[in-house]
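Examination of the molecular architecture
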Amino acid sequence: MDTVEPAHSGIVELDNAVFGASPRIDIVHQNIEWQRKYRFVSFAHTKTRNEVRGGGRKPWPQKGLGRARHGSIRSPLWRGGGIAHGPRSPTTHFYMLPFFNRVLGLVSTLSIKLAQDDLRVVKNLEIPTDDPQYLQDLVAARQWGPSVLFVDATDVLSRNISISAENIDHINLMPTYGLNVYSMLKHNTVVLTEDAVRSVESKLLEHLNRNDARAQMCKFKYDK
């Protein structure tokens, strides 16, 4: 990251269980749908017969006119009346994806990115200047594509890259604890630091080989 031109400084060994797994496209799709829906709230709203204005009196007598029996002109049977079983806002679409589906989604996405040559590993995110043009030239020279996601092991990133990426919409920074399937697929290239690689590997390997798997697969509870 010190120079615009790429310079290979070594070889990084990656664990096959995390970066070389057989990708499950269906699990990746489940993660994408889960992330899209857990933050979506529908504000579609209809009024019931009790909320529609008017309709207080009986439109005509119960008997004697030979007409159908009605008690209010705001019944769902009437034009301009209330809606029966209509949408009521706010309606959340939140649900919790099973734990190991989330873990396997991360493993599959990292493996896909590596197989497609869209994953890069750098020593750190230290750049010599806070000029945004330097970061744009660096991304262009290394052919990382129009959008890049930089991932570090900590959320306290270096000053220069934080200032440089602040006003560039297609370049984003993220700590490892926020790494997710949607963000990785949204960007063309994922750039991880060496510390981020080790952090992601250790955490995912811990989850893939944990002994309390059955407890993690139990039904999600809000007050958990």
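Residues numbered from 1 in each chain as written. Predicted model: local features only at pLDDT ≥ 70, side-chain atom pairs only at ≥ 80, totals over all residues. Heavy atoms only, no water.

Let me state the cut-off plainly: UniProt positions are given in the numbering used here, feature names are shortened, and annotations may be inferred rather than shown by experiment.
Looking at an unreviewed UniProt entry, one finds the protein named Large ribosomal subunit protein uL4m and attributed to Anopheles quadriannulatus. UniProt, in its Subcellular location (unreviewed entry) section for the protein, records the words "Mitochondrion". Under Sequence similarities (unreviewed entry), UniProt gives the following word-for-word description of the protein: "Belongs to the universal ribosomal protein uL4 family."

Some points on the sheet that holds strand 4 (residues 148–152)
The condition that has to hold: Here a strand pair is declared whenever DSSP counts at least two bridges between the two strands. Only DSSP runs of H or I with at least four residues qualify as helices, and only runs of E with at least two residues qualify as strands; both kinds are numbered from the N terminus onward. Whenever a helix is involved, its axis is fitted only over the stretch in contact; in every case the axis is a line through C-alpha atoms, and angles between N-to-C directions fall within 0 to 180 degrees.
Across the sheet, which stays open at both edges, the 4 strands sit in the order 3-6-4-5 with parallel pairing between neighbours. The strands lining the two open edges of the sheet, one partner per strand, are strand 3 (119–122) and strand 5 (171–175). Taking the axes of each pair of neighbouring strands and ignoring which way they run, one obtains an average angle of 20° across the sheet. Bridge count between strand 3 and strand 6 (residues 189–193): 4 bridges; the pairing is parallel. Residue pairing for strand 6: Val122 is matched across the bridge by Thr193.

Digging into the packing of aromatic side chains
As a reminder, the rule being used: Here a Phe, Tyr or Trp ring, Trp counted by its six-membered ring, pairs with any other such ring whose centre lies within 6.5 Å, and the pair is stacked when the planes are under 30 degrees apart, edge-to-face when over 60, and tilted otherwise. Three labels apply to residues, based on accessible area from a 1.4 Å probe with only protein chains included: buried if under 20% of the type maximum, exposed if over 50%, partly exposed otherwise in between. The criterion is that NZ of a Lys, or CZ of an Arg, lies within 6 Å of the ring centre and within 35 degrees of the ring normal, and then a charge sits over that ring.
Summed over the entire model, instances satisfying the criterion amount to 4 aromatic pairs. Ring geometry for Phe99 versus Phe100: centroids 5.1 Å apart, planes at 90°, classification edge-to-face. On the basis of relative accessibility, which here comes to 14%, the residue Phe99 falls in the buried class. Consider the rings of Trp144 and Phe150, whose centres lie 6.1 Å apart with planes at 65°: the pair is edge-to-face. The side chain of Arg67 reaches across the aromatic face of Trp60, ending 3.7 Å from its centre.

Some remarks on the pattern of salt bridges
Put simply, the rule is: The working definition used for a salt bridge is a side-chain nitrogen of Lys or Arg within 4 Å of a carboxyl oxygen of Asp or Glu.
Considering all chains together, one arrives at 9 salt bridges under this definition. Note that Glu33 is salt-bridged to Lys37, the shortest N-O span being 3.9 Å. Separated by 4 residues within a single helix, Glu33 and Lys37 lie in helix 2 (residues 25–37), roughly one turn from each other. Among the ionic contacts, a cluster of salt bridges with common partners joins Glu33, Arg36 and Lys37.

Digging into the pairing of strand 5
On a regular strand, each side chain points to the face opposite its neighbour's, so the side chains alternate between the two faces of the sheet. Going by this rule: If you view a crossover with the strands going away from you and the path from the first strand over the helix to the second runs clockwise, you call it right-handed.
Bridge count for strand 4 against strand 5 is 5 bridges, and the pairing is parallel. Within the sheet, the bridge partner assigned to Val151 lies in strand 5 and is Met174. On the question of chirality, the crossover connecting strand 4 to the parallel strand 5 by way of helix 5 (residues 159–166) is right-handed.

Some thoughts on helix 5
What counts is decided by this rule: Here, the arc refers to the directions that run from the helix axis to the C-beta atoms.
All of the buried residues in helix 5 are Asn160, Ile161, Ser164 and Ala165. Looking down the long axis of helix 5, one finds its buried residues gathered within 115° of arc, a one-sided arrangement. For helix 5, exposure combined with an orientation more than 90 degrees from the buried face picks out Arg159 and Glu166.

Notes on the environment of Pro87
Note the threshold: Here, residues are in contact when the closest pair of their heavy atoms is within 4.5 Å.
Here Pro87 shows up in the loop between strand 1 (41–42) and strand 2 (91–92). Since its relative accessible area comes to 43%, Pro87 is described here as partly exposed. With near-sequence residues (within four places) excluded, Pro87 lies in contact with Ala44, His45 and Thr46.

Let's talk about the nonpolar core
How we decide: The nonpolar core is taken to be a set of buried Ala, Val, Leu, Ile, Met, Phe, Trp, Tyr and Cys residues, with the residues joined through side-chain atoms within 4.5 Å.
One finds Leu110, Val151, Leu179, Met184, Leu192 and Leu204 to be the most contacted residues of the largest nonpolar core, which totals 23 residues. When residues of this core are traced back to their parent elements, those giving at least two are helix 1 (16–19), helix 2, helix 3 (99–115), strand 4, helix 6 (181–186), strand 6 and helix 7 (194–208). In terms of residue count, helix 3 provides more of this core than any other element does, 6 residues in total. Within the second largest apolar cluster, 17 residues are counted, among which are Tyr134, Trp144, Ala165 and Val191.

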